[in-house]
Amino acid sequence: MEVFTAAEQGGHERILFAQDGDSGLKAIIAVHSTVLGPALGGTRFYPYACEEDALADALRLSRAMTRKNAAAGLDFGGGKAVIMGDPHTLKSERLLRAYGRAIESLGGAYVTAEDVGTTIADMEMIARETGYVTGAAHDSGGSGDPSPVTARGLMAAMRGAARSLWGSPDLSGRHVAIQGVGKVGGAFARLLAEVGACLTIADVNEEAVKGLASELGATIASPDRVHATECDVFAPCALGGALNPETVPELRCAAVLGSANNQLASDDLAADLAARDILYVPDFIVNAGGVINLAEEVGREYRLERANRRVDGIEATVIELLARARETGVTPLDEAIARADRRIREVGGLHARVARSPHTGSGAR
């Protein structure tokens, strides 16, 4: 991959490559936009097949964070970081602290949080070298694990989509097929079960999916075939790319709504879904609960009630988004992108703060 060409095509402001030979750190921090404020986005620790795949993921995810943060009305731009390697074998104090120093070198352009392969404990270790971290533990006055709040946001989005599709937010009896029941997908499944939804679940972790199915009375499907389940809603809650030229023709649902980032292998597939009369509610709208929660921690005292109030607003956002898309004759994805672009255009540059978390350390010494 031609790095400068890829960055220019994606509109990225900055890409930082960081390494530490002693710990094995190989990290890429992609800052897509700081027009609305510091670039906020998590750090993914994943065993990528090659450096090109890691860079491509960082670029895609950081661009999506710009859209997500803007569409959610946050005073943050978009960024994302990836660390190459298996977190179960490579992660160490030295590696995380070296990574923290890399974040600190950006001077506040990027604020990190947990993502796939990283934890609250990791964030607290990183915070020993930089204050540009969010997602501290509750007992440190932080927002803690964002997964439950992300799931809460998914439920709000589901109610909004249900109103649009069926005229009521009631989800009892609705069949939802969930691909990926990790921290977010599992919490989402439990919330759906509480309101009487019927569930089909799938995950590569066979033990986890069996345990959850037994707990909730859910049906188990194969992870690579769950998308073809006949259901009301297909919910991709694992890694990205679940909607691609092979899977889209096999969908048998009324809507797609899930927590995974970059669900569409290509934005062009949004039109294919619309042509099949399948409602696609854009991922960066419905999974914004986690980042809304994290943003509440940066630069001020965290309050869960305030975060939940904003997360519950995703329902109204989805209703408004889908109504506007119908009125203008565009796909919900096009309207969601336009929503993000409008905010960047209208208020971009007004909020150029550099915010450190008040809970996670004082930065490099």
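Asker: Can you tell me about the packing of aromatic side chains, naming the residues and giving the values?
Answerer: Using the criterion set out here, one finds one aromatic pair in the structure. Measuring from centroid to centroid gives 5.1 Å for Tyr-46 and Tyr-48, while their planes differ by 70°, and the two rings are edge-to-face. Overall, the relative accessible area of 12% leaves Tyr-48 in the buried class. The aromatic ring of Trp-166 is capped on one face by Arg-174, whose charged end is 3.8 Å from the ring centroid.

Asker: Help me get a handle on helix H2 (residues 51-71), residues and values and all.
Answerer: Here H2 is 21 residues long and its end C-alpha atoms lie 30 Å apart, about the 30 Å a rise of 1.5 Å per residue gives. Taken from the residues just after H2, Gly-73 is the one with a positive phi, measuring 80°.

Asker: Pulling in residues and values, what's your account of the pairing of strand S10 (residues 233-236)?
Answerer: Neither face of S10 is left uncovered, since the one carrying Val-233 and Ala-235 and the one carrying Phe-234 and Pro-236 both have all their residues buried. Two strands pair when backbone bridges link them, and strand S7 (residues 175-179) and S10 are joined in this way by four bridges, in the parallel orientation. Its bridge partner lying in S10, Val-176 is registered against Val-233.

Asker: So what about the side chain of Lys-80? Which residues, and what values?
Answerer: Mapped onto the elements of the fold, Lys-80 is located in strand S5 (residues 77-84). Classification of Lys-80 by relative accessible area gives buried; the value is 3%. For Lys-80, the side chain forms a polar contact with the side chain of Asp-115, separated by 2.9 Å. With near-sequence residues (within four places) excluded, Lys-80 lies in contact with Ile-28, Ile-29, Ala-30, Gly-41, Gly-42, Ala-58, Leu-61, Ser-62, Met-65, Tyr-110, Asp-115 and Asn-261.

Asker: Give a description of the sheet that holds strand S8 (residues 198-202) that names residues and reports values.
Answerer: Whether parallel or antiparallel, the strands of a sheet pair through hydrogen bonds between backbone atoms. Spatial ordering of the open sheet is given by S9-S8-S7-S10-S11-S12, a layout of six strands whose pairing is parallel. Looking along the sheet, the strands with just one partner apiece sit at the ends: strand S9 (219-220) and strand S12 (279-280). The strands that helix H7 (residues 183-194) touches are S7, S8 and S10; relative to S7, the one it contacts most, it runs at about 170°.

Asker: Can you explain the nonpolar core? Please cite residues and give values.
Answerer: Tyr-99, Ile-178, Phe-188 and Leu-192 are the most contacted members of the largest nonpolar core, which has 98 residues in total. Per-element accounting of this core gives the leading share, nine residues, to helix H6 (residues 147-166). If you look at the next biggest cluster of nonpolar residues, it comprises 12 residues, including Ala-7, Ile-28, Ala-54 and Met-84.

Asker: Break down the confidence of the model for the protein chain for me, citing the residues and quoting the values.
Answerer: For the protein chain, per-residue confidence averages 92 on the pLDDT scale, and 95% of positions sit at 70 or higher. Note on residues 360-365: pLDDT under 50 across the span, and 23 contacts to partners over four residues away in sequence or across chains.

Asker: Can you break down the side chain of Glu-114 residue by residue, with the values?
Answerer: With respect to the helices and strands, Glu-114 occurs in the loop between strand S6 (110-111) and helix H5 (120-126). Setting aside its immediate chain neighbours within four residues, Glu-114 contacts Gly-42, Thr-43, Thr-119, Ile-120, Met-123, Gly-144, Asp-145, Pro-146 and Lys-183.

Asker: Account for the pattern of salt bridges, with residues named and values stated.
Answerer: Pairing is possible between side chains that carry opposite charge, provided their charged atoms lie close to one another. By the definition in use, this model includes 27 salt bridges. For Arg-44, the salt bridge identified is with Asp-115, shortest N-O distance 2.8 Å. Here Arg-44, found in strand S4 (residues 43-46), pairs with Asp-115, found in the loop between S6 and H5; they are 71 residues apart in sequence, far enough to count as distant. For the salt bridge of Arg-101 with Glu-129, the shortest nitrogen-to-oxygen distance reads 3.6 Å. Of the two residues, Arg-101 sits in helix H4 (residues 93-104) while Glu-129 sits in the loop between H5 and H6, which places them 28 residues apart along the sequence. Using a relative accessible area of 39% as the deciding quantity, one classes Arg-101 as partly exposed.

Asker: Can you lay out the packing of H6 against helix H13 (residues 314-328) for me, pointing to particular residues and giving the numbers?
Answerer: Orientation of H6 relative to H13, taken along the N-to-C sense of each, is 35°, at an axis distance of 7 Å. By crossing handedness, the relation of H6 to H13 is classed as right-handed. For the pair H6 and H13, the contacting residues are Gly-153, Ala-156, Ala-157, Arg-159, Gly-160, Ala-161, Arg-163 and Ser-164 in the first and Ile-314, Glu-315, Val-318, Ile-319, Leu-322 and Arg-326 in the second. Its residues placed into classes, the contact of H6 with H13 shows seven nonpolar, three polar and four charged.

Asker: Run through the pairing of S7, naming residues and quoting values.
Answerer: Within a regular beta strand, the side chains point alternately toward one face of the sheet and then the other, so they alternate between its two faces. Judged by how many residues are buried, S7 sits mostly within the fold: five of five residues are covered. Every second residue of S7 is oriented toward a common face, with His-175, Ala-177 and Gln-179 on one face and Val-176 and Ile-178 on the other, all of them buried. In terms of strand pairing, S7 meets S8 through five bridges, oriented parallel. Considered in S8, the bridge of Val-176 is made with Leu-199. Crossover handedness for the path S7 to H7 to S8: right-handed.

What counts and how
Residues numbered from 1 in each chain as written. Predicted model: local features only at pLDDT ≥ 70, side-chain atom pairs only at ≥ 80, totals over all residues. Heavy atoms only, no water. Phe/Tyr/Trp six-rings, centres within 6.5 Å; stacked < 30°, edge-to-face > 60°. Buried < 20%, exposed > 50% of the residue type's maximum accessible area, 1.4 Å probe, protein only. Lys NZ or Arg CZ within 6 Å of the ring centre and 35° of its normal. Helix = DSSP H or I, 4+ residues; strand = E, 2+ residues; numbered from the N terminus. Expected span 1.5 Å × (residues − 1). Pairing = 2+ DSSP bridges. Polar contact = N/O pair within 3.5 Å; in protein donor to acceptor, adjacent residues only side chain to side chain. Contact = heavy atoms within 4.5 Å. Axes fitted to C-alpha atoms, helices over the stretch in contact; angles between N-to-C directions. Core = buried A, V, L, I, M, F, W, Y, C linked by side-chain atoms within 4.5 Å. pLDDT = per-residue confidence, 0-100. Salt bridge = Lys/Arg side-chain N within 4 Å of Asp/Glu carboxyl O. Left-handed = near helix turned anticlockwise from the far one by under 90°. Nonpolar A, V, L, I, M, F, W, Y, C, P; charged D, E, K, R; others polar. Right-handed = clockwise from strand over helix to strand, strands pointing away.

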